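Coordinate analysis (summary)
Next come the chains, spelled out residue by residue.
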Amino acid sequence: MRGLRRTRWAATAASAWVQCAAGGSYCFGVYSEALKASQGFDQSSLDHVAFFKDLGANVGLLSGLLASWAPLGLRRPWLVLLAGAAQSLAGYLPIWLAVTGAIRQPPAMLICLCMLVAAHAQTFYNTADVVTAVENFPDRRGTVIGIMKGFLGLSGAILVQLYHTFFDGKPSSFILMLAVLPSSLSLILMYFVEVCPRTDRGAYDKKFLDAFSLIALCLAGYLMLVIIGQSFYTKIPSTIQFAIFIVLMVLLGSLFSIVMKADAESKAPDEIISDERVALVGDKKNHGEIATSGSGSELVPSGENLSLLQAMGKIDFWLLFLAMSCGMGSGLATVNNISQICSSLGYTATNTSTLVSLWSIWNFLGRFSAGYVSDYFLRKNCISRPFFIAITLVFMSFGHLTIASGITGSLYIGSVLVGMCYGAQWSLMPSITSEIFGLTHFGTIFNTVAIASPTGSYILSVRVVGYVYDMESVDGHACIGKHCFALSFGIMSAVCLIGSAVACWLSFRSRKFYRQVIYARLQTD
């Protein structure tokens, strides 16, 4: 890191690295069997641990409050990362000690609480990185959120490659790595994760953000090829696996080469362009300008930043929350039950493993493309981002129907559609939140909206998918056949269409706001 200055580009690269190590919650399948065997859990107990994992990874209100704390008008993203590092250690270390037998077998609820804390660390890493990126690039927020969320989506596949390279067959050691790696990276890189003044112009932003995007796409393509190759060749020699890891590190390291090039080409590295400086309170010159929807209800004045309670008093908040409950909830319910779906349809263990691994690739593509595409059409045609939420929910509905059909190959096709749309919503939702409710309390508000994911997942996974599966099972045995999940995925398809209608309503309400405020502001950048 020697020679790197604290710039927006260094902050972006450092945040991307932290995101790549932050997705420990996506790797639960790697060590779940070891945890189950060592603690004597039955499937119900393991499902409870998985629920606490999902709860911790999706409820980020505390991280949002900490990110919004700005004494003297200055953010403290390093403090958010530090809190995340502490939680990674506090959560995963006791689980590692329990699995290795170094401590007496703890109660199941204590394991659940440790998993909650460990997964909760992910919200702190994610909030610090996303909020910093948005404030560093407010006019490219869709793109940078897509990049940050995309790297987080790839983190599961990256960490699995680390497992295959160094800990294959040793899940307990992998748990220790989940405690140490993200914590260490956060401590090393948190100096660079900072809101920095702008010293360059919009076209300059696009040039290097496109370079970051290209590396992310190359990384996703490389991981997809590796995952497919590993599904065909289960016994890969250690030398080849190590070579795979080296190429992976080279791709990630190239992010810092972009930083160095951006610094070298910066025309005024030591001058602050005051009129383009990132402001925590938005563009105050338009403070009195109000944009209203077609229904006559007020949205956010240009430059106004709402607190969490103020945002929750707006109907737009609840429309976004409901749409995300339908989309994120059904997507999370799908990934949580994908192994059981494979078993019911007669897929082999190798096919199941490949499908689970490829989910992170589709997730990344959705996160990345939604941010980039929504930015493009917002700038070019003034198409509001809630409209893209509605579109993704329609495609997600088709994906659920495809899985429900149970025909040959339907699970592969359906998982691609659902995975990409699920990832897209994780990119679009923070962008919409920052635009409609402002940047001052952005971290708090978008993490509150994110609670829609476990809320929707609990209703759809436990009350719909689980209930229907048990109903279709015979005498408590495992259900076999396409009927096991057909009804539940048909219901989730209908839920997504309802969510799409809600998103269309939000798009209709906010269309004038996007045209008069967001689009007008982008045209001046």
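Residues numbered from 1 in each chain as written. Predicted model: local features only at pLDDT ≥ 70, side-chain atom pairs only at ≥ 80, totals over all residues. Heavy atoms only, no water.

**Examining empty space enclosed by the protein**
Counted according to the given criterion, the structure contains three cavities of 30 Å³ or more. One number sums up the size of the largest cavity: a volume of about 70 Å³. Only helix 5 (77–100), helix 6 (108–136) and helix 8 (171–189) provide two or more residues apiece to the lining of the largest cavity. When residues of the lining of the largest cavity are assigned to their parent elements, the largest contribution, five residues, is made by helix 6. Tallied by class, residues from the lining of the largest cavity come to nine nonpolar, four polar and no charged. (1 Å grid on protein atoms, 1.4 Å probe; cavity = no way out; pocket = protein on both sides within 12 Å on 5 of 7 lines; lining within 4 Å. Points joined across faces, edges and corners; volume = space filled by probe spheres on them. Helix = DSSP H or I, 4+ residues; strand = E, 2+ residues; numbered from the N terminus. Nonpolar A, V, L, I, M, F, W, Y, C, P; charged D, E, K, R; others polar.)

**Let's talk about the packing of helix 12 (residues 315–336) against helix 15 (residues 385–405)**
The interhelical angle for the contact between helix 12 and helix 15, taken along N-to-C directions, is 35 degrees, at an axis separation of 11 Å. Both helix 12 and helix 15 take part in a crossing whose hand is left-handed. On helix 15, the residues touching Ala323, Met324, Cys326, Gly327, Ser330, Gly331 and Thr334 of helix 12 are Ile389, Leu393, Met396, His400 and Ile403. Here the contact of helix 12 with helix 15 is built from residues that sort into seven nonpolar, five polar and no charged. (Axes fitted to C-alpha atoms, helices over the stretch in contact; angles between N-to-C directions. Left-handed = near helix turned anticlockwise from the far one by under 90°. Contact = heavy atoms within 4.5 Å.)

**Digging into the packing of helix 4 (residues 61–68) against helix 6**
With their axes 8 Å apart at the nearest point, helix 4 and helix 6 run at an angle of 30 degrees to one another. It follows that helix 4 is roughly parallel to helix 6 by the angle criterion. The handedness of the crossing between helix 4 and helix 6 is right-handed. Note on element contacts: helix 6 touches helix 4 through His120, Thr123, Phe124 and Thr127, opposite Leu62, Ser63, Gly64, Leu66 and Ala67. Considered class by class, the residues forming the contact of helix 4 with helix 6 number four nonpolar, five polar and no charged. (Parallel < 35°, antiparallel > 145°, perpendicular 65-115°, else oblique.)

**Some thoughts on the state of the cysteines**
A complete count under the given rule lists one disulfide for this structure. Disulfide pairing is shown between cysteine 479 and cysteine 484; the S-S distance is 2.0 Å. Across the disulfide from cysteine 479 to cysteine 484, rotation about the S-S bond amounts to roughly -90 degrees, and the bridge is consequently left-handed. The residues cysteine 479 and cysteine 484 share a single accessibility class, namely buried. Lacking any disulfide linkage, cysteine 421 is separated from the closest cysteine sulfur, that of cysteine 496, by 8.4 Å. (Disulfide = S-S within 2.5 Å. Buried < 20%, exposed > 50% of the residue type's maximum accessible area, 1.4 Å probe, protein only.)

**Remarks on the packing of aromatic side chains**
Under the definition given, this model contains 31 aromatic pairs. Aromatic side chains tyrosine 31 and phenylalanine 174 sit 6.5 Å apart centroid to centroid with 45 degrees between the ring planes, which places their arrangement in the tilted category. Of the two residues, tyrosine 31 is situated in helix 2 (residues 28–39) and phenylalanine 174 in helix 8; the sequence distance between them amounts to 143 residues. For tyrosine 31, a relative accessible area of 0% corresponds to the buried category. With relative accessibility at 0%, the residue phenylalanine 174 sits in the buried group. Both rings, one in tyrosine 163 and one in phenylalanine 174, keep their centres 5.2 Å apart while their planes meet at 70 degrees; by these two values the pair is edge-to-face. Here phenylalanine 174 lies in helix 8 and tyrosine 163 lies in helix 7 (residues 141–166), a separation of eleven residues in the sequence. Comparing tyrosine 163 with phenylalanine 174 shows no difference in burial state: the two are buried. (Phe/Tyr/Trp six-rings, centres within 6.5 Å; stacked < 30°, edge-to-face > 60°.)

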